[in-house]
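# A closer look at the structure
What follows is the residue order along each chain.
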Amino acid sequence: MTVDTQSQGDERVHWLPMVAAISSISVVGIAIGLGMPLLSVILETRGHSASMIGLNTAVAGLASIAGAPLATPLAMRFGVAWTMIAMIAAGALAFVGFHFAPDFWMWFPLRIVLHIALTVLFILSEFWISTSAPPHRRGLVLGIYATVLSLGFAAGPWLFAHLGSSGFRPFGVIIALVTLAAIPVLAARNESPTIVSDGETSNFLRYIWLVPSATAAVLVFGAVETGGFALFPIYGSRIGYSEADAALLLTMIGLGNVLLQIPIGMISDRVSDRRYLLIACATVGLVGTIFMPFFAQNWHLMAALLFVWGGVVAAMYTIGLAHLGSQLSGHELASANAAFVLCYGVGMVLGPQAIGIGMDAFGPSGFGWSLGLFFATYIALVALRLVRKILL
């Protein structure tokens, strides 16, 4: 039987490991928020085209898909905390490599190493957080995690605006931040969960289907977040917004993400079956996309809509993760966390393609229709499972 550091009957919040996992991954979030625009700007100053920069960036999604199955075997062999520290070190070395790599082709293996390390790091931190929170507090704890992580991502571009892209200084700041991320993990290493194999050699992909309401939720969120954020400026310009106004609307989505995760997480702790709340979030997402064209002529109405829409849709990730933790434990939870992040990576690949094709085929309205299709498909999937549960 698989075991972890928290027994099923333990109602305590394990604060030290929870704080360690949240703080370390959030510091890494700052480094990512700083590093991603930094790398793109450096490539542009070196004369590379936007398509080649996009190609190099797209490797991140593929690396995430490739790295997800590695998390559980590595943690079983070396331990959760030590695997996280190794991934922090690998990510730091990859970032340094970008500064010293003279040829463009070198950036592809560096990008692969970086995002495999980040993927494993996110999987294990989320697993650690889930095992550190008792069932009746899991939604709250994961809401705190999502909020702090979002703040970390937001702080990265702010740092980039102040540091610029020239010289080694921004890379030095990233190395310092990533090094700081290792400190809380080291401090709590003795309380990291232990993953013990149950002796079965299960196909990794089967964990996608064990809790499909959760894994499909994160796929939809990955598609909507990545595709929506990437193409919203284009959508905004096509419906008459200036570049600055469209950027401010994106900020409202991010603000909703930051402010609504904790209250929605607390609500999820009071719901007996989180699938109903997941359907509610997807329904808000669908209704929001339907109303976007009607609110588009009034910036303030659009901003209010996107604030609520962004926060509620982002909660599909938080609630999906909480639902996953409520259904599984030990080795299965670790593997399911990996499948969860893999599905997010699949969404990252599908979303921009589907929304781009929708806009090419149907004009600006294709933006909302494509987003709505993801939400409607998810609602149908979960509703079908709930009906089957009632009938059986």
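Given the structure is predicted, the values throughout are model-derived calculations rather than measurements.

Attention shifts here to the packing of aromatic side chains. This structure, assessed with the given rule, holds 16 aromatic pairs. Summarising the aromatic geometry, the rings of Phe232 and Phe367 are spaced 6.0 Å apart at their centres and angled 65° between planes, so their arrangement reads as edge-to-face. With Phe232 in helix α9 (residues 212–238) and Phe367 in helix α14 (residues 365–391), the pair connects residues that are 135 residues apart, well separated along the chain. When sorted by exposure, Phe232 lands in the same class as Phe367, which is buried. A ring pair is formed by Tyr235 and Phe367, whose centres lie 4.5 Å apart and whose planes are at 15°; its orientation type is stacked.

Quick look at empty space enclosed by the protein now. One pass over the full model with this rule turns up 2 cavities of 30 Å³ or more. Its boundaries defined by the atoms lining it, the largest cavity holds a volume of some 50 Å³. The wall of the largest cavity is formed by Val28, Ala31, Met87, Ile88, Gly91, Phe95, Leu114, Leu118, Leu121 and Val178. Of all elements in the fold, only α1 (15–45), α4 (80–100) and α5 (107–132) reach the threshold of two or more residues within the lining of the largest cavity. When residues of the lining of the largest cavity are assigned to their parent elements, the largest contribution, 4 residues, is made by α4. Counted by class, the lining of the largest cavity contains 9 nonpolar, 1 polar and no charged residues.

With that out of the way, let us pick up the side chain of Ser130. Tracing the backbone shows Ser130 in helix α5. Filtering out sequence-adjacent residues up to four positions away, Ser130 remains in contact with Arg138, Leu142 and Leu333.

Attention now goes to helix α7 (residues 169–187). The end-to-end C-alpha distance of α7 is 28 Å, a good match for the 27 Å that 19 residues give at a rise of 1.5 Å each. Burial in α7 covers these residues: Pro170, Phe171, Ile174, Leu177, Val178, Ala181, Ala182, Pro184 and Val185. Looking straight down α7, one finds that the buried residues subtend no more than 165° of arc, so they occupy a single side. Every exposed residue of α7 that faces more than 90 degrees away from the buried side is listed here: Arg169 and Ala187. Here the buried face of α7 lies against α1, α4, α5 and α6 (138–163).

So, on to the packing of α9 against helix α11 (residues 274–295). In contact at an axis separation of 11 Å, α9 and α11 are set at 20° when each is read in the N-to-C sense. Here α9 lies roughly parallel to α11, going by the angle between them. Judged by the twist between their axes, the crossing of α9 over α11 is left-handed. In this structure, α9 uses Ser213, Ala217 and Tyr235 to contact α11, whose residues at the interface are Arg275, Leu278, Met292 and Pro293. Along the lines of polarity and charge, the residues of the contact of α9 with α11 split into 5 nonpolar, 1 polar and 1 charged.

Here α14 contains 27 residues, and its C-alpha end-to-end distance of 38 Å stays within 8% of the 39 Å for a straight helix at 1.5 Å per residue. Of the surrounding secondary structure, the elements contacted by the buried residues of α14 are α9, α11, α12 (299–327) and α13 (330–362).

Let's shift gears to the nonpolar core. Counting residues in each nonpolar core, the largest one holds 123 residues, and the members touching the most others are Trp309, Phe367, Phe375 and Tyr378. Leaving out residues up to four positions away in the same chain, Trp309 has contacts with Val224, Ile253, Val284, Gly285, Gly288, Thr289, Met292, Leu371 and Phe375.

For the rest of this paragraph, the subject is the packing of α4 against α5. One can describe the packing of α4 onto α5 by two numbers: an axis separation of 8 Å at closest approach and a directional angle of 150°. Classified by the angle between their axes, α4 and α5 sit roughly antiparallel to one another. When you trace α4 past α5, the crossing you get is left-handed. The residues of α5 that touch α4, namely those facing Val80, Ala81, Thr83, Met84, Met87, Ile88, Ala90, Gly91, Ala94, Phe95, Gly97 and Phe98, are Trp107, Leu110, Arg111, Val113, Leu114, Ala117, Val120, Leu121, Leu124, Ser125, Phe127 and Trp128. A class-by-class count of the residues in the contact of α4 with α5 yields 19 nonpolar, 4 polar and 1 charged.

Rules and cut-offs
- Residues numbered from 1 in each chain as written.
- Predicted model: local features only at pLDDT ≥ 70, side-chain atom pairs only at ≥ 80, totals over all residues.
- Heavy atoms only, no water.
- Phe/Tyr/Trp six-rings, centres within 6.5 Å; stacked < 30°, edge-to-face > 60°.
- Helix = DSSP H or I, 4+ residues; strand = E, 2+ residues; numbered from the N terminus.
- Buried < 20%, exposed > 50% of the residue type's maximum accessible area, 1.4 Å probe, protein only.
- 1 Å grid on protein atoms, 1.4 Å probe; cavity = no way out; pocket = protein on both sides within 12 Å on 5 of 7 lines; lining within 4 Å.
- Points joined across faces, edges and corners; volume = space filled by probe spheres on them.
- Nonpolar A, V, L, I, M, F, W, Y, C, P; charged D, E, K, R; others polar.
- Contact = heavy atoms within 4.5 Å.
- Expected span 1.5 Å × (residues − 1).
- Arc of directions from axis to C-beta.
- Axes fitted to C-alpha atoms, helices over the stretch in contact; angles between N-to-C directions.
- Parallel < 35°, antiparallel > 145°, perpendicular 65-115°, else oblique.
- Left-handed = near helix turned anticlockwise from the far one by under 90°.
- Core = buried A, V, L, I, M, F, W, Y, C linked by side-chain atoms within 4.5 Å.

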